[in-house]
Amino acid sequence: MDRRDLFRRPLAAAAQLAAPVHAALQHEAPGTEPGHLPLRPGATPPRVTALAYSAHELTEHTVDDFETLRSMRGKWPVLWVNADGVTHAETVRRLGDVFGLHRLALEDVMQVPQRAKADAYDGYLFVVLRMARHTPALDLEQIGVFVGPDFVVTFQERPGDPLDPVRARIRAGHARIRASGPDYLAYAVIDAIVDHYFPVLEVYADALDALEDEIAERPNPSCMSRLHRIKRDLMALRRAIWPLREALSRLVREPVPPLRDETGVYLRDCEDHVFQILDLVETYREVASSLTDLYLSTVSTRTNDIMKVLTIFASIFIPLGFITGIYGMDVEHARGWWWSLPFVMAEMGIAALLLLAYFWRKGWIGQR
């Protein structure tokens, strides 16, 4: 699908913007041994699934026994293991033992959020990135991807991800992904996560368009609160995607095992998407700032219009009060002056009309 189509489909979620979920950084006490996997009270074992395939065969099941998972290694060209949770230290440790993952990398898996990065270890690669979703608030979730010579292990913070299209291609037997190695699967996972930023950004594009119309026609204080939330979300998206640009650029320039040269071409395309996302984020941030200025100028203009109307009313009633002050309150009882009240009222009406005509000639009221 042409990714430009993502910007043409309207999303109903544009009107449901809410405050983003900001996860607090989890860290150990100073002086803790490096590679320590913290025990979290109340943490439950996550759901672990295994998907193993070759060019013509496929097996998929939920992992209940890690020894069975260990026996699958070497029997399949690609073994994809996914864990929907990072708080259960025993599960993280046992998966690390099965695939020989370094404790420092496992520590980064459990301590979220981490800065997006790509670290090379002995025989495998560790990539950290953030998934973006609208639920309907902005949800940024960390995913850790381990890429080995015959395996891909992914750790997610919680169930739910944008990786169903990748699983569907594997189950459907697409030749490219089924005939390629784990490095191509890792690319497909990263590409699906990166591309999912586009529909999320489309939500903000629709919301900014709606806010622009509302500010121009009916500015109200709620516009500023929604603009503030949008700007905060865009800043969070920028912080999530900016380090990934550096990590992918390094992998493209200096591919490390188990990445092959042909996979680097695809990663270069993924890097281009990251640049597009950053450009869109910066553009929307500028639009949000300009809408803030538009709101302030619109409110100021409306306030000036109100003050002008009040000033015109005050200017009309000042000479009317002056006239009534000259004639006093007894004009209708003055002997022989039965016409005095109509005369004063007519004089006041003429004065008001003359002032209105003067204001109109000056262009202060009406349209010339």
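Residues numbered from 1 in each chain as written. Predicted model: local features only at pLDDT ≥ 70, side-chain atom pairs only at ≥ 80, totals over all residues. Heavy atoms only, no water.

Caption draft 1: View of the overall build of the protein. When you go through the protein residue by residue, the secondary structure sums to ten helices and seven strands. Across the 368 residues of the protein, 45% fall into the buried class. When contacts within the protein are restricted to residue pairs at least 6 apart in sequence, long-range pairs at least 24 apart make up 67% of them. For the protein, the exposed surface amounts to about 19500 Å²; the carbon and sulfur share of it is 57%. (Helix = DSSP H or I, 4+ residues; strand = E, 2+ residues; numbered from the N terminus. Buried < 20%, exposed > 50% of the residue type's maximum accessible area, 1.4 Å probe, protein only. Contact = heavy atoms within 4.5 Å. Areas by Shrake-Rupley, 256 points an atom, 1.4 Å probe, with all protein chains shown as cover.)

Caption draft 2: Geometry of the sheet that holds strand β1 (residues 48–53). Pairing is mixed in the open sheet, where seven strands are placed in the order β2-β1-β3-β7-β6-β5-β4. With partners counted over all chains shown, the strands left at the sheet margins are β2 (58–62) and β4 (117–121), one partner each. Strand-to-strand twist of the sheet, defined as the mean angle between neighbouring strand axes without regard to direction, takes the value 15 degrees. Here six bridges tie strand β3 (residues 78–84) to strand β7 (residues 151–156), and the two strands are oriented parallel to one another. Residue Asn 82 lies in a different strand from β7, and its bridge partner there is Thr 154. Most of the contacts of helix α7 (residues 197–217) go to strand β5 (residues 124–134), to which it runs at about 30 degrees, and overall it touches β5 and β6 (138–147). (Pairing = 2+ DSSP bridges. Axes fitted to C-alpha atoms, helices over the stretch in contact; angles between N-to-C directions.)

Caption draft 3: Seen up close, the environment of Asp 97. Tracing the backbone shows Asp 97 in helix α2 (residues 89–99). By relative accessible area, Asp 97 is classed as partly exposed at 39%. In sequence terms Asp 97 and Phe 66 are 31 residues apart; their C-alpha atoms lie 9.6 Å from each other. For Asp 97, the side chain forms a polar contact with the side chain of Arg 93, separated by 2.8 Å. (Polar contact = N/O pair within 3.5 Å; in protein donor to acceptor, adjacent residues only side chain to side chain.)

Caption draft 4: Broad picture of the nonpolar core. One finds Trp 80, Val 145, Leu 185 and Leu 237 to be the most contacted residues of the largest nonpolar core, which totals 66 residues. Sorting elements by how many residues they give to this core places helix α8 (residues 221–253) first, with 13 residues. Counting residues in hydrophobic clusters, the runner-up holds 31 residues, among them Leu 69, Ala 105, Phe 146 and Val 153. (Core = buried A, V, L, I, M, F, W, Y, C linked by side-chain atoms within 4.5 Å.)

Caption draft 5: Main features of the pairing of β1. Within β1, six of the six residues are buried, which leaves it mostly tucked inside the rest of the structure. Burial along β1 is two-sided: Val 48, Ala 50 and Ala 52 and Thr 49, Leu 51 and Tyr 53, pointing in opposite directions, are all buried. Sheet analysis places β1 next to β3, joined by six bridges and oriented antiparallel. Along β3, the bridge assignment pairs Val 48 with Ala 83. Where β1 lies against β2, five bridges are found, and the strand directions are antiparallel. The residue of β2 that forms the bridge with Thr 49 is Thr 62. What sits between the antiparallel neighbours β1 and β2 is a turn of four residues.

Caption draft 6: Layout of helix α6 (residues 182–195). End to end, α6 covers 20 Å across 14 residues, agreeing with the expected 20 Å (1.5 Å per residue, within 8%). Most of α6 is tucked away: 14 of the 14 residues are buried. (Expected span 1.5 Å × (residues − 1).)

Caption draft 7: Layout of the pattern of salt bridges. In the structure shown here, the tally under the stated rule is 20 salt bridges. A salt bridge links Glu 141 to Arg 133; the shortest N-O distance between them is 2.5 Å. An identical accessibility class is assigned to Glu 141 and Arg 133; each is buried. Residue Asp 164 pairs with Arg 167 through a salt bridge whose shortest N-O separation is 3.0 Å. (Salt bridge = Lys/Arg side-chain N within 4 Å of Asp/Glu carboxyl O.)

Caption draft 8: Structural view of the packing of aromatic side chains. Counted by the stated rule, this structure contains eight aromatic pairs. Ring geometry for Phe 146 and Phe 155: centres 5.9 Å apart, planes at 80 degrees, overall edge-to-face. Given a relative accessible area of 0%, Phe 146 falls into the buried group. Relative accessible area serves as the criterion here: at 2%, Phe 155 is assigned to the buried category. Joined through ring pairs, the aromatic side chains of Tyr 121, Tyr 124, Phe 126, Phe 146 and Phe 155 make up one cluster. For Arg 238, the ring lying beneath its charged end belongs to Trp 242, and the centroid distance is 4.7 Å. (Phe/Tyr/Trp six-rings, centres within 6.5 Å; stacked < 30°, edge-to-face > 60°. Lys NZ or Arg CZ within 6 Å of the ring centre and 35° of its normal.)

Caption draft 9: Quick look at the environment of Ser 180. Assignment of secondary structure puts Ser 180 in the loop between α5 (175–179) and α6. Residue Ser 180 is classed as buried on the basis of its relative accessible area, which comes to 17%. Sequence separation of Ser 180 and Thr 263 is 83 residues, and the distance between their C-alpha atoms is 9.4 Å. Once residues within four sequence positions are removed from consideration, Ser 180 is found in contact with Val 78 and Arg 260.

Caption draft 10: Spotlight on the side chain of Ser 54. Mapping Ser 54 onto the fold places it in the loop between β1 and β2. Judged by its relative accessible area of 12%, Ser 54 is buried. Look past the residues within four positions of Ser 54 in its chain and what remains in contact with it is Trp 76, Pro 77 and Arg 178.

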